[in-house]
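# Commentary on secondary and tertiary structure
These are the residues of each chain, in order.
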Amino acid sequence: MRTLVVEDERQIAEDMATSLGAAGFAVELCQDGEDAWYRGGTEDYDLVILDLGLPKLDGLTILRRWRAEGRNMPVIILTAREGWSARVDGINSGADDYLVKPFQMEELIARVRAVLRRTHGHAGPVLS
Ligand code: CA
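Conventions and cut-offs
Residues numbered from 1 in each chain as written. Predicted model: local features only at pLDDT ≥ 70, side-chain atom pairs only at ≥ 80, totals over all residues. Heavy atoms only, no water. Phe/Tyr/Trp six-rings, centres within 6.5 Å; stacked < 30°, edge-to-face > 60°. Lys NZ or Arg CZ within 6 Å of the ring centre and 35° of its normal. Helix = DSSP H or I, 4+ residues; strand = E, 2+ residues; numbered from the N terminus. Polar contact = N/O pair within 3.5 Å; in protein donor to acceptor, adjacent residues only side chain to side chain. Donors = N, O, S within 2.8 Å, 3.2 Å for Na, K, Ca; no water. Buried < 20%, exposed > 50% of the residue type's maximum accessible area, 1.4 Å probe, protein only. Pairing = 2+ DSSP bridges. Axes fitted to C-alpha atoms, helices over the stretch in contact; angles between N-to-C directions. Contact = heavy atoms within 4.5 Å.

### A short note on the packing of aromatic side chains
All told, the structure shown has zero aromatic pairs when counted by the stated rule. For Arg65, the ring lying beneath its charged end belongs to Trp37, and the centroid distance is 4.7 Å. Lying across the ring of Tyr98, Arg111 places its NZ or CZ 6.0 Å from the centre.

Laid out in structure tokens, this is it:
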């Protein structure tokens, strides 16, 4: 499972990469909104974890552009606790699930597996 983690807060990004890697996922990190939009539009990922607050291009804009371009990979968005309207916008823009910061890595892995079950029809992580 090839996963793109888009998060500009370095510690959170590294924690996610460590946990996802231990769970068997191949993880690529990205900290910049424009770079994330480009990579998600040109590379094939099995899953994207997308923070909404990013430098250069915000996560909601990235997600809307991907969906408008026909990119259908599963996307889990990361939002701030007070950001309920961003969560609604995110789901309406094509997010498959969301996580509210701060979250436990166990919850991240559980939600990733649940999204992959729904979208790929199996539990993962299966390296392909
Ligand atoms: Ca951020």
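### Side note on the side chain of Lys101
Looking at the secondary structure, you find Lys101 in the loop between strand E5 (97-100) and helix H5 (105-120). Here the side chain of Lys101 touches Glu9 through a polar contact of 2.9 Å, side chain to side chain.

### Some points on the coordination of the calcium ion
With distances of 2.1 to 2.3 Å, the protein atoms coordinating the calcium ion are Asp8 (OD), Asp51 (OD) and Gly53 (O). In primary-sequence terms, the residues that donate to the calcium ion follow D-x42-D-x1-G. On the accessibility criterion, Asp51 (4% relative accessible area) is buried. The class for Gly53 is partly exposed, based on a relative accessible area of 44%.

### Focus on the sheet that holds E5
Taken together, five strands build an open sheet; the order of strands is E2-E1-E3-E4-E5 and the sheet is parallel. Each end of this open sheet is capped by a strand with a single partner; those strands are strand E2 (26-30) and E5. Shown here is a sheet whose adjacent strand axes are inclined to one another by a mean of 20°, direction ignored. Sheet topology note: the strand E1 (residues 2-6)/strand E3 (residues 47-51) ladder contains four bridges and is parallel. Residue pairing for E3: Leu4 is matched across the bridge by Val48. Sitting on the sheet, helix H4 (residues 84-92) is in contact with strand E4 (75-79) and E5, with an inclination near 165° to E4.

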